[in-house]
Amino acid sequence: MLFDVAVYQRVLGDEIRRLRKKRGLTRKQLNRRLQSDISLQTLATYELGTRQCSIVRFVEICLALDELPHELIARVHERVFTDSPRGRVRVDLRQVVRDDHPELLPLRRWARDRLGHHPAGHTASAAEVHLDFTALERMAELCGMDTIDLIGLLRRIGGTSNEPPAGSDRADVD
């Protein structure tokens, strides 16, 4: 099976960063919990998904975050290897256009443009898009937001996941 290594690294990094923040730790605090001596820059590149870490380093990071490595990998696997609509966020472009959060201005412009290019742009089917993680990452960059924060905001203003997270309180892509 072929897969996009860069996407996998970004999702893995995003999961590590999300977990660190959930635990209320800064990178510096996490670094102090590690057995190995690594730089804060190296830790940042793992979180950004721009550098691969060894499996031993990965396990060390998971243990420092009080997370079972196989559970974190399972979340990454679900986000990267899904063939179903799960793993995407459904967004009603009409709701985005009506929203007034200032940080969503670039997304609002995109939504208006997309709706304007479709003759039936304001019907429910034409106004609904399904965004995958890569698209959400790019939109978050444009909006100057963290991807997870953008997903949460989109869900609050009318985008919903295709499948509810089963017993999960995660604010990420389902």
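The paragraphs below set out a description of the structure included in this document. (Residues numbered from 1 in each chain as written. Predicted model: local features only at pLDDT ≥ 70, side-chain atom pairs only at ≥ 80, totals over all residues. Heavy atoms only, no water.)

Remarks on unusual backbone geometry
The phi torsion at Asp 66 lies on the positive side, around 55 degrees, for a residue other than glycine. Structurally, the position occupied by Asp 66 is in the loop between α4 (55-64) and α5 (69-81). (Helix = DSSP H or I, 4+ residues; strand = E, 2+ residues; numbered from the N terminus.)

Let's talk about the environment of Tyr 8
For Tyr 8, the position within the fold is in helix α1 (residues 5-22). Sequence-wise, Tyr 8 and His 77 are 69 residues apart; in three dimensions their C-alpha atoms are separated by 8.2 Å.

A closer look at the pairing of strand β2 (residues 128-131)
What you see with β2 is a clean split: Val 129 and Leu 131 sit on the buried side and Glu 128 and His 130 on the side with no burial. Two strands pair when backbone bridges link them, and strand β1 (residues 89-92) and β2 are joined in this way by four bridges, in the antiparallel orientation. Opposite Val 91, over in β2, you have Val 129 as the bridge partner. (Buried < 20%, exposed > 50% of the residue type's maximum accessible area, 1.4 Å probe, protein only. Pairing = 2+ DSSP bridges.)

Description of the pattern of salt bridges
Tallied over the full model, the rule gives 13 salt bridges. Here Arg 17 makes a salt bridge to Asp 14, at a shortest N to O gap of 2.7 Å. Within this pair, Arg 17 and its partner Asp 14 are both found in helix α1, separated by three residues, close to a single helical turn. Assigned by exposure class, Arg 17 and Asp 14 land together as buried. Note that Arg 20 and Glu 47 form a salt bridge whose closest N and O atoms lie 2.5 Å from each other. (Salt bridge = Lys/Arg side-chain N within 4 Å of Asp/Glu carboxyl O.)

Regarding the side chain of Asp 99
For Asp 99, the location among the structural elements is in the loop between α6 (93-98) and α7 (105-116). Among buried charged residues, Asp 99 stands out as having no salt bridge; its nearest opposite-charge side chain is Arg 108, 4.0 Å away. Here His 101 takes part through its side chain, which lies 2.7 Å from a polar atom of the side chain of Asp 99. The contact partners of Asp 99, leaving out residues within four places of it in the chain, are Leu 104, Arg 108 and Ile 157. (Lys, Arg positive; Asp, Glu negative; His and termini not counted. Polar contact = N/O pair within 3.5 Å; in protein donor to acceptor, adjacent residues only side chain to side chain. Contact = heavy atoms within 4.5 Å.)

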